[in-house]
Amino acid sequence: MGVSLTKAALWTSSGKLEFTPMNESLLKEILSFVEQFSSQHPQEAEHVFEEPLQWSTTLVASDFKTDYDISDSDVQSHEKDSEGHPLLRLSPPTVYVRSFSQLSKLVHLADDKKLEEVRACLEGKHNDHKMRFESHLQVRLDPTTVKNDMELLKQLCSGGEKRVLKSVRYTSDYEFSNGCRAPLWRQVHGEICYLVIEPCDTDNLYITCSTAGVFLNGESGYERTSDMYEDLLTLLKSQSPYFDFGVQELPSTQRIQHVESVDMEEQGQPQRSYEQQEKNVHDKARQQHTLNKAGGEKKYEPCPRWKNLGLMSPCGYVIIPCKMCPEISSKKQGPGAKSKMKAEFSVSSLHGRLSSQKIKTPAGALPVELSSESSSESEEEEEQSERRPESNTDLPSEYWQIQKLVKYLKGGDQTATVLTLCAMMDFNLMQETCQLAIRDVGGLEVLINLLDTDEVKCKIGSLKILRKISHNVQIRRTIVDMGGLQSIVKILDSPVKDLKALAAETIANVARFRRARRTVRQYGGIKKLVKLLDCEKDVEVARCGALALWSCSKSTKNKEAIRKAGGIPLLGRLLKSPHENMLIPVVGTLQECASEESYRIAIQTEGMVNDLVKNLSSDNDELQMHCASAIFKCAEDKQTRDLVRKYKGLQPLVSLLAKANNKQLLAAATGAIWKCSISIENVAKFQEHKALETLVGLLTDQPEEVLVNVVGALGEFAQIPDSKATIRKCGGIKPLVNLLTGTNQALLVNVTKAVGACATDKENMAIIDQLDGVRLVWSLLKNPSADVQSSSAWALCPCIENAKDAGEMVRSLVGGLELIVNLLKSTNNEVLASICAAIAKIAKDKENLAVLTDHGVVPLLAKLTNTTDDRLRRHLAEAIGHCCIWGSNRASFGEAGAVAPLVRYLKSKDSTVHQSTAMALYQLSKDPHNCITMHEKGVVKPLIHIMGSNDEILQEAAAGCVRNIRLLALANRKARLFY
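Just so you know, these numbers come straight off a predicted model, no measurement behind them.

Let's talk about the sheet that holds strand β8 (residues 205-210)
In space, the four strands of this open sheet follow the order β6-β7-β8-β9, with antiparallel pairing throughout. In the strand order of this sheet, the two ends are held by β6 (165-170) and β9 (213-216), each with one partner. Between one strand and the next, the sheet's axes are offset by a mean angle of 25 degrees, whatever the strand orientation. Taken together, the five bridges between β6 and strand β7 (residues 191-199) define a ladder with antiparallel strand orientation. When the sheet's bridge partners are listed, V168 is paired in β7 with I197. Along the sheet face, helix α7 (residues 143-155) touches β6, β7 and β8 and points at about 150 degrees away from the line of β6.

Okay, here's the thing in structure tokens:
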């Protein structure tokens, strides 16, 4: 930990973490790791540290709940190591932790101070190891230092023959806010950026700059292939004798230069200017270069043939080998060549048929995407920084060749244009350098303008190039900015099949961001693409149309446009195709659109479920994944679930679980199983294929998107008694409980439901209680998500009902009852209903009911009685009925105005509301004042009607309430007669 954090984090001189974005990001990653460690690696979490982690904590003894011995201000965990030492000990203000399991629990107890605890822990560990890692700190680099060193080295690349380096560049142009250019996942290892430096006398050097120093990393990967060096200058001296000779008198960096200048001033010596130092270096470099030339280096002249054509690089080297002059292999070019060539390429006019008015932005200009363009829809691409070489000398030969071809493309006739397009297609247009070469010299303008000509061959050539280069994020955005997408959409009406197919495939690439999808729709592209699906005789045209619709269908409005254009039956027809390359975009479009109810109904009614099921048995993983994903979305509806069973789709879904290495496929398959298992009939079928045992095995070491589905399925399986026992026997209870410590809200909703379902089995409940599962579920009531709160409260109901000593268990949760009562202030009806249900279970214990009463449960329940939500009414009435048992609560409910609204509940059409209401009214009727209120509100007539119910409990409650009212009336009558 010490070395890694010393490298990755930014520390103050006093050993404290600086408050920087990078450090905050590190802290959050470490916190997430610690929180999830126990659930993802339960065995490792129990491992005891050789030395305890210790730091000054903000926690006090009252923050610790069960599993801890508390003595005054000191705390010790029940868990101990083999020698009897506690794995957690608190002696304020210092806490000692000896395992990840205890560390995870402590962080959980810290609640809103979690990050503070992680920070304090790391600072404590850092100071503990500070002396041990002093050597690392002495050579510490930071992004600013590296940037200054790079600026210095860039100056040493200039000056022609004076230079001591050919080139230096970063591998990435994108700079994070903390100054680093390394990916975030490498920054945590202390890495700042990656460089490529070309010395004059050796091969390119691939360098990693980190906070601990600099080192060679090889051409690919991040592995260190050399010793660690103090800074860039030291590394370059060791690798390049020419550089070493040239910089003998140059300070290692501007940072060291400043230190040396101070030393010189202290000694009374005049400080040399940087210009003087650089001049000295260049003089020596020139001498070395002269020696090299004297050694027989051959001097070449440029090949006139290629020079006249302009196919020369800015460095002066021939780009294309000249067959006419084979003896010439590399040339030097005059210093003005580069600027001349750039001028030729940047200024040109389009001749004849090319429209110059069409282009909306200058050639090479990159569009600026505003935040308003970000989409709430699923995006296939994120904004990416453009990776460009630091200087033109680093560009490969293909870059300049393509730029020359673009120049011909601008001025040639039809034949020349077609030949030039063919020549361009000979290059690897999937390579980023080639893609950007076309854009940088204005080639996109030309290609887009060619789409508006009448020449079919020119259009085909242009589209073939656009189809490939539009895989580049910047290029597809530039195409949209230039208005090119409108021209491509127009071509969809062409009678030429090749043109339609190419245009559709290009749209499939370009329409991967929101603005492009909107443009396609606004210019009528959706209708035209749907029309392509009807090309039964031309499979390729239909396939390309489906590809384009797949990209466009990520927009909600486009989904509706596809439906209105008649796309659903056409997609259904293509779903029967025997061609996998056709099926993948078709199913991809259907599963994307299945988020809309209209599509789900159509998939049911038009016989597509059968085709989806058949393709689950395909040999193509991608096709299987999209089919399972479509079933996942459609199986929310019972009819679809029944159809999947009818067409024997349950067994193929279980078979897909064997492909656990393909996480996308696994997520889709488990999702489909989850939704299909909502139907009890399907659960029985799944069990014939041992699905439950396989699902339990997927509870660990899986990504969250898989876990959400697996746990969701287990929650449905656990509705069957036999499944609860199977989950226990397969060891599924512990991993389920471990998942309660996570942070993913969808996962927490599902895992609380699954734990609650398992808790209805007393043997399962005993294990859950032993694993501290009830406390974990209870703590989730603090979660900000209403869904998590309600799911947790529902799970508590069976836990309380089936616990061996429920009353004592609830009392052991310090602050738990107060938390429950406070949630009655929620505005979410589902939360309120679940909390009322939990209160009804808790109130069965009189001691706990007394505590609830002290926390003000009566007025809060009474305040909710005016609700019209039958689900809430049912559990609210049940809670009121059980709370009446204690003290003067009956009278208090009457005073709080709870009686009259409860009478209205008897008009509900929900019989369960009638039962709980009758029980509540019976309890309330034991108070005379409540009887009067009930009688005034006309409760007797509906109660007499209810007394005729077949439900004995309901009969007795209604009869008891009527009896109490009649007894009070008789007593009043006798009293009047007496007086």
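After presenting the structure, the write-up continues.
Overview of the UniProt feature "repeat: ARM" (unreviewed entry) in the protein
According to UniProt, the positions carrying the feature "repeat: ARM" (unreviewed entry) are residues 483-525, 524-567, 815-857 and 897-930. With 68% helix and 0% strand, the stretch residues 897-930 has end C-alpha atoms that lie 10 Å from each other.

Observations regarding the side chain of D772
Tracing the backbone through its elements, the reader meets D772 in the loop between α41 (762-770) and α42 (773-779). Note on D772: relative accessible area 13%, which makes it buried. With sequence-adjacent residues up to four places away left out, D772 is seen in contact with T66 and D67.

Focus on the packing of helix α37 (residues 704-717) against helix α40 (residues 745-758)
Close contact between α37 and α40 brings their axes to 8 Å; oriented N to C, the two are set at 25 degrees. Taken as axis vectors, α37 and α40 run roughly parallel relative to one another. As α37 runs across α40, the sense of the crossing is left-handed. For the pair α37 and α40, contact is made by L707, V708, V711, G712, G715 and E716 and by A746, L747, N750, V751, K753, A754 and A757, respectively. Here the residues of the contact of α37 with α40 are counted per class, giving eight nonpolar, three polar and two charged.

Thoughts on the environment of D769
Relative to the helices and strands, D769 resides in helix α41. D769 gets classed as partly exposed once you look at its relative accessible area, which sits at 37%. Between the C-alpha atoms of D769 and A803, which are 34 residues apart in sequence, the distance is 7.6 Å.

Description of helix α18 (residues 443-450)
Most of α18 is tucked away, with eight of its eight residues classed as buried. Turning to α18, its buried residues number three or more, namely G443, L444, E445, V446, L447, I448, N449 and L450. Packing partners of the buried residues in α18 comprise α15 (397-411), α16 (414-425), α17 (432-440), α19 (456-469), α20 (473-481) and α21 (484-491).

A short note on the sheet that holds strand β4 (residues 88-91)
Ordered in space as β1-β5-β4-β3-β2, the five strands form an open sheet in which the pairing is antiparallel. With partners counted over all chains shown, the strands left at the sheet margins are β1 (48-56) and β2 (68-71), one partner each. Along the sheet, successive strands turn relative to each other by an average axial angle of 10 degrees, direction set aside. Contacts from helix α4 (residues 100-110) reach β1, β2, β3 (74-77), β4 and β5 (94-99), with the element oriented near 135 degrees to β5.

Some remarks on the pattern of salt bridges
Using the criterion set out here, one finds 34 salt bridges in the structure. Of the charged contacts in the structure, one is a salt bridge between K114 and E35, with a shortest N-O distance of 2.8 Å. Taken together, the positions of K114 in helix α5 (residues 114-128) and E35 in helix α2 (residues 21-40) put the pair 79 residues apart, joining distant regions of the chain. The buried category is assigned to E35, whose relative accessible area is 9%. We note a salt bridge from K576 to D611, for which the minimum N-O separation is 3.0 Å. Of this pair, K576 sits in the loop between α27 (567-574) and α28 (580-593) while D611 sits in helix α30 (residues 608-615), and the two are 35 residues apart along the sequence. By relative accessible area, D611 is classed as buried at 7%. What emerges from the salt-bridge pattern is a single network uniting R467, E505, E540 and R543.

Section: the nonpolar core
I507, L529, L736, W778, L861 and F893 are the most contacted members of the largest nonpolar core, which has 216 residues in total. Taken domain by domain, the makeup of this core includes at least three residues from each of domain 3 (690-804) and domain 4 (817-978). Excluding residues that lie within four positions of it along the chain, F893 makes contacts with V858, L861, A862, I880, C883, C884, A898, V899 and L924. With 28 residues, the next largest nonpolar core counts V168, I192, I197 and L233 among its residues.

Analysis parameters
- Residues numbered from 1 in each chain as written.
- Predicted model: local features only at pLDDT ≥ 70, side-chain atom pairs only at ≥ 80, totals over all residues.
- Heavy atoms only, no water.
- Pairing = 2+ DSSP bridges.
- Helix = DSSP H or I, 4+ residues; strand = E, 2+ residues; numbered from the N terminus.
- Axes fitted to C-alpha atoms, helices over the stretch in contact; angles between N-to-C directions.
- Contact = heavy atoms within 4.5 Å.
- UniProt positions renumbered as here; feature names shortened; annotations may be inferred.
- Buried < 20%, exposed > 50% of the residue type's maximum accessible area, 1.4 Å probe, protein only.
- Parallel < 35°, antiparallel > 145°, perpendicular 65-115°, else oblique.
- Left-handed = near helix turned anticlockwise from the far one by under 90°.
- Nonpolar A, V, L, I, M, F, W, Y, C, P; charged D, E, K, R; others polar.
- Salt bridge = Lys/Arg side-chain N within 4 Å of Asp/Glu carboxyl O.
- Core = buried A, V, L, I, M, F, W, Y, C linked by side-chain atoms within 4.5 Å.
- Domains from an automatic or database assignment.

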